[in-house]
Each structure stands twice: as structure tokens, then as C-alpha cells.
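# An overview of the molecular structure
The lines below spell out each chain.
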Amino acid sequence: MLLGADGLLGTAVQETAATHPHVQQLTALGHSDLDITRPEQVNAAIEKTRPDAVINTAALMPADRCDEVPAEAYAVNALGPRYISRACASVGATPVFVTTDFVYDGTATVPYQPGALPRPLLTYGITKLAGEHETRLGSDRHLVVRTSCLFGPRPRSPRARDSFVDRALDRAAAGGDLTVVDNVITTPTYTMDLAAMVLELLVSGAESGTYQAVNQGIGSWFDLCLAALTEEGLGARVSPTQEQSFTAAARPLYTPLVCTLPEPALGHSRPWRAALAEYLKVRRGAASQGPESRPS
């Protein structure tokens, strides 16, 4: 079962599962199908389907919105995972909670290992860390998967935001100039690669625990934007800035993650620039076939 199915990562999980030789069936539920903040809906769906695993990609974001509506953020990012994990335990399913590099405070000088002490700065990170704890407490069998800085195919739902890469490319293609932070360092990750990593963790029977699933290498948001725009001949339209120049939010400035997956999941982690190049090729192919349509 997949929850948050119409979002950025959920869309990629559906596409990846459709061709995975060991995924026999995937029940994909979006927000309009199931509200994860309603325990009776969660219990009913999981009891009816009785899946082997439940991949929870639903989340309230971006970070700025979570700061504006902290109660809603806690309901989606923490209480939802609680209800999902407990319901999974009742039917013998494995809850898989996809979480974030924002659980760290960004004061490290080397990429984070999963055993590093979490210290979130923003509501988004605080509530996602709470969701991690709820997932572990609700079911002895669980997978907590941290990731970061996602880009990939546009989400199926018009309610979900396109990735930063797509928004930047659309703006530049329309003639707009961009100013992007170069002092926020992370690990850009392709959603199709992440989806493959998560599915391999499940089908290979990975042990319960906390994993970090990202592409290889680090980069700033400016690095990612410049690489994407340069590939499309639009590199002159982006210039660097400092995070504090346009927001007072205490964002973590350095949160690269070390990919800590066992084989064969680790085999889907490649350099982020190579993954980006593949995505842009796919994106150009989709554009040549005409405008994308999304379900309402």
C-alpha cells in the first residue's frame, strides 16, 4: 500500500512499482482517498487491504507552511505516522516512513550518518522527527527512511508542488531570472532512484531500522539549479545569494546525508548529477509529446 500516492515521491513510487518484478500489487491512495490524520480511515483501509507493507510518503510541507500551521503539520507529519504504524502492527504489515534531512540542525562539518543526534530547527523537521518516533513505537517491524532535496517527474495531483528543479526550469524558460541560495548544502536526490531504493529495502527483507536513502555527492541548491539550467541552455538566468538575505527562518545550512543502504538497494544510489541528467532527458521527451495532463 502507498499513501500520499499523488505527491512528488508517491508518483515516482507508482511508476517504479509498475515495472518492479517483485511487486505484485500496489494499492495507491492519495489525500482524496484517505486522510491519514483520521485514525478510523487509516484503520479501515489497512484492515481491508491487509498489505505486506505501507509506504507513507504523505507530508505537510514546505517548511515555511509548517511554521504557519504547526498543529496541522503535527497532525500530518507525526500523528498520521502513529496511526499508520499502529494499524500496520495489527495486521502484520511493515510501516515505511519517508522522512527528511531537516531532522538535523546543519551544524556538522561532514555528511550525517543516521546515528547522528537529531536536532531540528523548524516545525517541519520537529514534526517529521516526531513521526519517526511514532513509527518506531507503533510497530516493532518498521523502516524509517531519511532523504533530502527531491527532484523528479511532476506529481499527479494538482494539489502537490512540482519539484524545485521543475519550478526553476519553468521560470527560466518563461524568461525569468532566478536568485538561489548557495550556502544551503544538501544531497540532491532523484525521486525515481529513491523509489527504487525504498522498494528494494522492502522486497529484500531489510532489517528494521533507520536508513538514509539519497543519491551520491553533495551540492547547494544553487549547484542543483545551475546544473539543471545549464543542461537546458539557461544557465545565465541564475545567480547565487545567501539564505539569510531573504528569510529569517533558522534553516539548517549543511545537511548532506550518507547513503546507508544494504545491497541491492544501495545499487540504485548514483551521483546526483548523473541522475539529474537522466531526469532532464526524460523531461525533454515528455515535453516533446505535448503538455502533461493531471487528474483533478
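Anything mentioned here points back to the structure above.
Computed from a prediction, not measured in an experiment: that's the story for all the values here.

## Some remarks on helix H4 (residues 70–91)
Counted at 1.5 Å a residue, the expected span for H4 with its 22 residues is 32 Å, and the 31 Å between its end C-alpha atoms agrees. Once H4 ends, the next one or two residues include Gly92, with phi positive near 80 degrees.

## Observations concerning the packing of aromatic side chains
Here the structure, examined in full by the defined rule, presents six aromatic pairs. Considering the side-chain rings of Phe102 and Tyr124, the 5.6 Å spacing of their centres and the 70 degrees angle between planes classify their relative orientation as edge-to-face. Of this pair, Phe102 sits in the loop between strand S4 (94–100) and helix H5 (123–138) while Tyr124 sits in helix H5, and the two are 22 residues apart along the sequence. Each member of the pair Phe102 and Tyr124 is classed as buried. Three or more aromatic residues joined by ring pairs make a cluster, and in this case those are Phe151, Tyr190 and Tyr279.

## Examining empty space enclosed by the protein
For the structure on display, the rule yields one cavity of 30 Å³ or more. Lining the largest cavity are Val54, Asn56, Pro81, Ile84, Ser85, Pro95, Val96, Phe97 and Thr135. Where the lining of the largest cavity is concerned, the elements lending two or more residues are strand S3 (53–56), H4 and S4. In the lining of the largest cavity, the residues fall into six nonpolar, three polar and no charged.

## A few points about the packing of helix H8 (residues 221–231) against helix H9 (residues 272–288)
Two numbers describe how H8 lies on H9: the axes approach to 10 Å, and their chain directions differ by 45 degrees. Taken together, the axes of H8 and H9 lie oblique to each other. Here H8 runs over H9; the crossing is right-handed. Residues Asp223, Leu224, Ala227, Ala228 and Glu231 of H8 pack against Trp272, Arg273, Leu276, Leu280 and Arg284 of H9.

## Topic: the environment of Gln289
Tracing the chain through its elements places Gln289 in the segment after H9. Given a relative accessible area of 72%, Gln289 falls into the exposed group. A sequence separation of 168 residues divides Gln289 from Leu121, and the C-alpha atoms of the two residues are 43 Å apart.

## Section: the packing of H4 against H5
Across the interface, H4 lies against H5 with an axial gap of 8 Å and an inter-helix angle of 15 degrees. The angle between the axes of H4 and H5 places the two elements in the roughly parallel class. With respect to the hand of their crossing, H4 and H5 are arranged in right-handed fashion. For the pair H4 and H5, the contacting residues are Pro70, Ala73, Tyr74, Asn77, Ala78, Pro81, Arg82, Ser85, Arg86 and Ala89 in the first and Thr123, Tyr124, Thr127, Lys128, Ala130, Gly131, Glu134, Thr135 and Gly138 in the second. Within the contact of H4 with H5, the residues separate by chemical class into eight nonpolar, seven polar and four charged.

Here is what the cut-offs are and how they apply
Residues numbered from 1 in each chain as written. Predicted model: local features only at pLDDT ≥ 70, side-chain atom pairs only at ≥ 80, totals over all residues. Heavy atoms only, no water. Helix = DSSP H or I, 4+ residues; strand = E, 2+ residues; numbered from the N terminus. Expected span 1.5 Å × (residues − 1). Phe/Tyr/Trp six-rings, centres within 6.5 Å; stacked < 30°, edge-to-face > 60°. Buried < 20%, exposed > 50% of the residue type's maximum accessible area, 1.4 Å probe, protein only. 1 Å grid on protein atoms, 1.4 Å probe; cavity = no way out; pocket = protein on both sides within 12 Å on 5 of 7 lines; lining within 4 Å. Points joined across faces, edges and corners; volume = space filled by probe spheres on them. Nonpolar A, V, L, I, M, F, W, Y, C, P; charged D, E, K, R; others polar. Axes fitted to C-alpha atoms, helices over the stretch in contact; angles between N-to-C directions. Parallel < 35°, antiparallel > 145°, perpendicular 65-115°, else oblique. Left-handed = near helix turned anticlockwise from the far one by under 90°. Contact = heavy atoms within 4.5 Å.

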